[in-house]
Amino acid sequence: MSSFDSDEEQMEMEEFPDGDEEFCVQTYMPNYGTLSGQEQHAVELGPCSKESTLLVGSKCGVEFNGNEDSVFFADGQRRIDFILVYEEEQRKQGDQKKMRSILSKKRKRALFQENLKTAGLQIEATRSILDFKTIFLKLHAPWEVLCRYAEVLHIKLPLFCNDLKPKTSTFNCITKLFSVDEEKIPPEDEYFTAPFEMNRIKSFHTQNRDTFFTPATRSRIVNYILNRSVYKRGKPSKFGITKLLDSKTYKAAYTLHDCKFNQKSSDPLCPNERFLLYQEWAHPKNFYKLQPLDLIRKYYGEKIGIYFAWLGFYTGMLAIAGFTGLLCFIFGILTMDHNTWSQEVCDPEIGGRLIMCPQCDRDCFYWRLNITCQSSRKLSIFDNYGTLAYAVFMAIWVTVFLEFWKRRQAELEYEWDTVELEQEEPRRAEYEAKCTMRRKNPITQEEEMVPYTACGKCMRIFCGGTTVLFWISLIIASVVAIIVYRLAVFFEFSVNLPKAMDNDLEPLKDYLTPQMATTVTASLINFVFIMILNIIYERVAILITDFELPRTQTDYENSLTLKMFLFQFVNYYSSCFYIAFFKGKIVGYPGEPVYWLGRFRNEECDPGGCLIELTTQLLIVMGGKAIWNNIQEVLIPWLKNLISRCKTKSSENVLPRWEQDYQLQSISKLGLFYEYLEMVIQFGFATIFVASFPLAPLLALINNIIEIRVDAWKITTQFRRILPAKAQDIGAWLPILNGVAIFAAVTNALIIAFTSDMIPRLVYYWTLSVEPYGEYSGPTMRGYTNSTLSVFRITDFSNISKPIKFPPWFDPETHTTCRYRDLRYPPGHPLEYYHSLYFWHIMAAKLAFIIVMEHVVFGVKFLVSYWIPDVPKHIKDQIKRETYLTQKILHESHLSQWHNKMTDATKSLMKGSVSLKEHSKDMDI
């Protein structure tokens, strides 16, 4: 229970001090039976001393009629639009504090339910079959209430059928193979719509009142009433079902599924939409099919519908990227044995003769380059010209994906009547509860109540921003800790791992180098850090956003989205950025290495390069994240429901629909937010680091094909029905995706330039391998390996870094030099150990490549975004047609009303004139 609720309960208790024998009489709504807005009962609660007993309504409620599939009141006519659940609290003898808490909760429920009646809702109460103390309150919104609040909420409702036939797509013959069977789920009728108005109700398509308001719309209206009904009078008054749920006054509030997910309802009035969704959408057999988006939207609301529409569209576009990435990977495998630089590393006469300098101080050995043969071969799979072309392709793919999604989103906005949602979205109940100050609205020029001044709002945002920065600094601190771990452990692995390889792990000798062992263990520890920080920060981000007090639910989610993404972005990607752009870049040279904190020698890349380490990091984080999310989102709710079913199987009673749903898990208010966050983080992995791991989009595709069905199965079978809500688009996630796309183009250019060896190879191939700089007459990669290794004189080691152990094959007297990965002048040169001219040529080439690639990518992105309009032409035509016909019909309706009024007035005047003439004739007579 929150501190707010505890303080409120304490105030309730202070109203009834010990020894107060006065009788408390209040207006109290009975807990049982069917209640309408006209029923009201005065109940004497008795003396408020600790010996008193709170009386409750004497009605025994409506008994369950045995129809487990019914979603109606006992009369079979009025549909259940919402369920409230509470438990009858039992007073323990002598427990005065608990008695006062019970009294407080009952008084809140009494006033709250009384205000629900006043708002026009009808209530029917039923006891639980399994637990006699549990009471289910079934809420029904009559036609008049639905009409009144539909006008308040500006809900768009059908006027007449859409008479513009959409053009047949040329791809229909292909998409039809993957479409849902229209005989089982027929397509929805398309209507032109307009915001509902009571005085023009005849203009709307109201032939069937039972289907005019969909169950999702009905639940949304009832939820609006629940969020604004008062449960405690005062200044300011306390209202909203959310606070009552937080204080455990009510145990649950939810809408009903229409039937069992795996069995059709026996009730002829049930549409069996849940059963259809399970059979044609959530079942694993449908993994290759398109989603029934209209039915998803109809059953769960637009907010869930737009999420699955986006996820399905993203997955479809990933199929293109994944297939292209697979071709790039196959190209790397086919050319692996033809890379000259990789062959030179593995060649005993070249790589076997190159003696490399130790990579740590004192205890590390000299080693031959050819021991990195397997690492070089694996690196050549990802570090090739095909990867360069794929990085450019992905930059264009991201732009096409986002532009076509805008078009698809515009279609859904129109088809689902969410185009003008910004004007019709109501304020949050939590915002309204804090409105205590007056401010002049610059638009309406009228005074309105607000919770804070402009200065107060800035202070709230400032506090939230500083808190986010503090937590981001914690992530950076954890990354630094991981780096220190890598530096310390690398020394141990360098000393002990070769001994273990010679004894017990000989088969892994060619694969498990000290650098690789350090990378794998550090990645696993980093993943654990990521998960722990995520769990803690999620609560902090929610507290910060609650403190900021956004005006609408969209503002709330957008604010939380930005905070969570900034944190997650740094949390998930920081270690990858360290490997890509910092590791092995500032290491000095063997005679003068760079140290962290004055103690730990800076880490060098794996002899095969840092790119293979970055790939390993991505695999561990992406794979671990997917496994963890599935355990957290699917396995835990399934186990909880399994335990609940095992408990209820002992009872042979038939459970009603509302009690079956009560046994399911309740989904978090931010459940959809976490689904978006998971996919956007995955989108970053699939685009930002694609130059190092072309298979990332393919892995994301496989994950998403599973994710769609898992999410569908989860919300259809394991959770109570999600409360329908409106959503115009994917909210703040779209600009975040745009930002990730721009960032990905820059990052991939930097990875190719600084992490990959692509540019040095190209410079060598076209310039340094041929005369006059090289010894070959034509461009070739022969000799490249030797050109990338600088020479170091063994006698130049400092006392701190000078090795004290030597491998059996190393003779200090014979071998006077060793090699290291860098481009520096050799010993004896006037600028010995300074960066060579070759180094600066390559650096200039890298910078030039970054500039050219960014300009090409952003130029193509601009052209693609210009050529692809955000709104399709047929949607523009339909919007214009709807606007024209709506104005025409509503205008004609207005003229007709005006004409009828004028006719009545004229008849009245004419009747009065005739009466006056007859009166004059009588006077003359």
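In the block above lies the structure referred to throughout.
Residues numbered from 1 in each chain as written. Predicted model: local features only at pLDDT ≥ 70, side-chain atom pairs only at ≥ 80, totals over all residues. Heavy atoms only, no water.

Draft legend 1. Region of the structure containing a negative patch on the surface. A cluster of like negative charges, contributed by Glu-188, Asp-189, Glu-190, Asp-294 and Glu-415, occupies part of the molecular surface. Within the secondary structure, Glu-415 sits in helix α13 (residues 385-415). (Patch = residues over 30% accessible without salt bridge, like charges linked within 9 Å, V, L, I, M, F, W, Y side chains within 5 Å. Areas by Shrake-Rupley, 256 points an atom, 1.4 Å probe, with all protein chains shown as cover. Salt bridge = Lys/Arg side-chain N within 4 Å of Asp/Glu carboxyl O. Lys, Arg positive; Asp, Glu negative; His and termini not counted. Charge placed at Lys NZ, Arg CZ, Asp CG, Glu CD. Helix = DSSP H or I, 4+ residues; strand = E, 2+ residues; numbered from the N terminus.)

Draft legend 2. Structural context of helix α12 (residues 373-382). Buried residues dominate α12, accounting for 7 of its 10 residues. Listed in full, the buried residues belonging to α12 are Cys-373, Ser-375, Ser-376, Leu-379, Ser-380, Ile-381 and Phe-382. (Buried < 20%, exposed > 50% of the residue type's maximum accessible area, 1.4 Å probe, protein only.)

Draft legend 3. Spotlight on the nonpolar core. Grouped together as the largest cluster of nonpolar side chains are 133 residues, with contacts concentrated most on Trp-310, Trp-397, Phe-685 and Phe-689. No other element matches the 15 residues that helix α18 (residues 553-581) contributes to this core. Here Trp-310 is in contact with Phe-401, Trp-405, Tyr-676, Met-679, Ile-730 and Leu-737, once residues within four sequence places are set aside. With 42 residues, the next largest nonpolar core counts Phe-112, Leu-116, Phe-192 and Leu-226 among its residues. (Core = buried A, V, L, I, M, F, W, Y, C linked by side-chain atoms within 4.5 Å. Contact = heavy atoms within 4.5 Å.)

Draft legend 4. Representation of the state of the cysteines within the structure. Inspection of every chain in the model, using the stated rule, returns 3 disulfides. Paired by a disulfide, Cys-357 and Cys-818 hold their sulfur atoms 1.9 Å apart. Negative torsions about the S-S bond denote left-handed disulfides, and the value of about 90 degrees found for Cys-357 with Cys-818 makes this one right-handed. With Cys-357 in the loop between β12 (355-356) and β13 (367-368) and Cys-818 in strand β21 (residues 817-821), the pair connects residues that are 461 residues apart, well separated along the chain. Like Cys-357, the residue Cys-818 is buried in the burial classification. Across the disulfide from Cys-360 sits Cys-364; the S-S distance is 1.5 Å. Torsion about the S-S bond of the Cys-360 and Cys-364 cystine: about 100 degrees, corresponding to right-handed handedness. The class of Cys-360 is buried, set by a relative accessible area of 5%. No disulfide involves Cys-270; its nearest neighbouring cysteine sulfur is the one of Cys-259, lying 4.7 Å away. (Disulfide = S-S within 2.5 Å.)

Draft legend 5. View of the packing of helix α10 (residues 302-334) against α12. For the pair α10 and α12, interaxial distance at closest approach is 7 Å and the crossing angle is 140 degrees. By the criterion of interaxial angle, the relationship of α10 to α12 is oblique. α12 is crossed by α10, and the crossing has right-handed handedness. Taking contact as the criterion, the partners of Phe-329, Gly-332 and Ile-333 in α10 are, on α12, Ser-380, Ile-381 and Phe-382. (Axes fitted to C-alpha atoms, helices over the stretch in contact; angles between N-to-C directions. Parallel < 35°, antiparallel > 145°, perpendicular 65-115°, else oblique. Left-handed = near helix turned anticlockwise from the far one by under 90°.)

Draft legend 6. Representation of the side chain of Arg-721. In this structure, Arg-721 sits in the loop between α22 (696-718) and α23 (733-755). Buried charge Arg-721 goes without a salt bridge, the closest partner of opposite sign being Glu-273 at 4.8 Å. Separated by 2.8 Å, the side chain of Arg-721 and the backbone oxygen of Tyr-299 make a polar contact. In contact with Arg-721, other than residues within four places in its own chain, are Pro-215, Thr-255, Leu-256, His-257, Asp-258, Lys-298, Tyr-299 and Tyr-300. (Polar contact = N/O pair within 3.5 Å; in protein donor to acceptor, adjacent residues only side chain to side chain.)

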